[in-house]
Amino acid sequence: MSAKEMFGTDLTGAGLPELGPGPRAGVRTEADLNRELLAVAEFAGLSGEQREMARALVLLWHDHLEAAHVIAQGIESADGAFVHGIVHRREPDYGNAKYWFRRVGEHPVFQEIAKRVGALLDSKGEAGLRRELVADIGWDAFKFIDLCEEAAAGRTSPGRQGILREVQAIEMEALLEWLAEPA
């Protein structure tokens, strides 16, 4: 089941998150999101840590970086480090994002991210970007951080920024789906 099917407008209601901190129009309040998540059956069926990581990702999608950061800081796992890395990438604090992605190691969801990002970039005729992000080793989270930093510095076209936002959405959705899988 896709993240959109599981979490509906909680995840997708505001459109694609910015690469930076936001806020952007259409995001929901933290209280609103927390209330609605409690009513989502798939969310309720997750273990405590899975539920908190899923909540952090939904909050992050809606530009509640500080709330997502607090949750990620409290979870000492590769999943917590993954969300923590995304938070710092969006703040932006790129060096700290890389620190947290080093702590992630080779996450099981990287293969799925590489597959989806590769398909997206193939469909857009972005062979060069595909080589940068989805090399022989699979998903390159560190290169993605570098590309987000380039975009923030204005060294990327608006079209490329849009593609990077799509890539970020894939990353977050794939992680959310992986977290929601039965243990």
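Refer to the structure presented above.
Residues numbered from 1 in each chain as written. Predicted model: local features only at pLDDT ≥ 70, side-chain atom pairs only at ≥ 80, totals over all residues. Heavy atoms only, no water.

Visitor: Before we move on, can you summarise the nonpolar core with the specific residues and values?
Guide: Core analysis: the largest hydrophobic core is formed by 56 residues, its most contacted members being F82, F110, V117, L133 and W139. If you tally residues by element for this core, the top one is helix α12 (residues 158-180), at 11 residues. Excluding its chain neighbours within four sequence positions, the residues that come into contact with L133 are V117, L121, G138, W139, D140, K143, F144, L147 and V167. (Core = buried A, V, L, I, M, F, W, Y, C linked by side-chain atoms within 4.5 Å. Buried < 20%, exposed > 50% of the residue type's maximum accessible area, 1.4 Å probe, protein only. Helix = DSSP H or I, 4+ residues; strand = E, 2+ residues; numbered from the N terminus. Contact = heavy atoms within 4.5 Å.)

Visitor: I'd like a rundown of the packing of helix α8 (residues 94-104) against helix α11 (residues 141-152), residues and numbers included.
Guide: Running from N to C, α8 and α11 cross one another at 165°; their axes reach a closest spacing of 10 Å. Put simply, α8 runs roughly antiparallel to α11. At the point where α8 passes α11, the crossing takes the right-handed sense. Between α8 and α11, the contacting residues are Y94, A97, K98, F101 and R102 on the first element and A141, F142, I145, D146, C148, E149 and A152 on the second. (Axes fitted to C-alpha atoms, helices over the stretch in contact; angles between N-to-C directions. Parallel < 35°, antiparallel > 145°, perpendicular 65-115°, else oblique. Left-handed = near helix turned anticlockwise from the far one by under 90°.)

Visitor: Break down the packing of aromatic side chains for me, with residues and values.
Guide: Here the structure, examined in full by the defined rule, presents 4 aromatic pairs. Note on Y99 and W100: the rings are 5.1 Å apart at their centroids and 85° apart in plane angle, and the pair reads as edge-to-face. A relative accessible area of 36% places Y99 in the partly exposed class. W100 sits in the buried class, given a relative accessible area of 14%. By the ring-pair criterion, three or more aromatic residues cluster together here, those being F82, F101 and F110. (Phe/Tyr/Trp six-rings, centres within 6.5 Å; stacked < 30°, edge-to-face > 60°.)

Visitor: Tell me about the pattern of salt bridges, residues and numbers included.
Guide: Inspection of every chain in the model, using the stated rule, returns 17 salt bridges. Note that K115 is salt-bridged to E112, the shortest N-O span being 3.8 Å. With K115 and E112 both in helix α9 (residues 110-123), this residue pair falls 3 residues apart, about one helical turn. With a relative accessible area of 57%, K115 lands in the exposed category. Via salt bridges that share partners, R28, D32, R35 and E36 belong to a single interconnected network. (Salt bridge = Lys/Arg side-chain N within 4 Å of Asp/Glu carboxyl O.)

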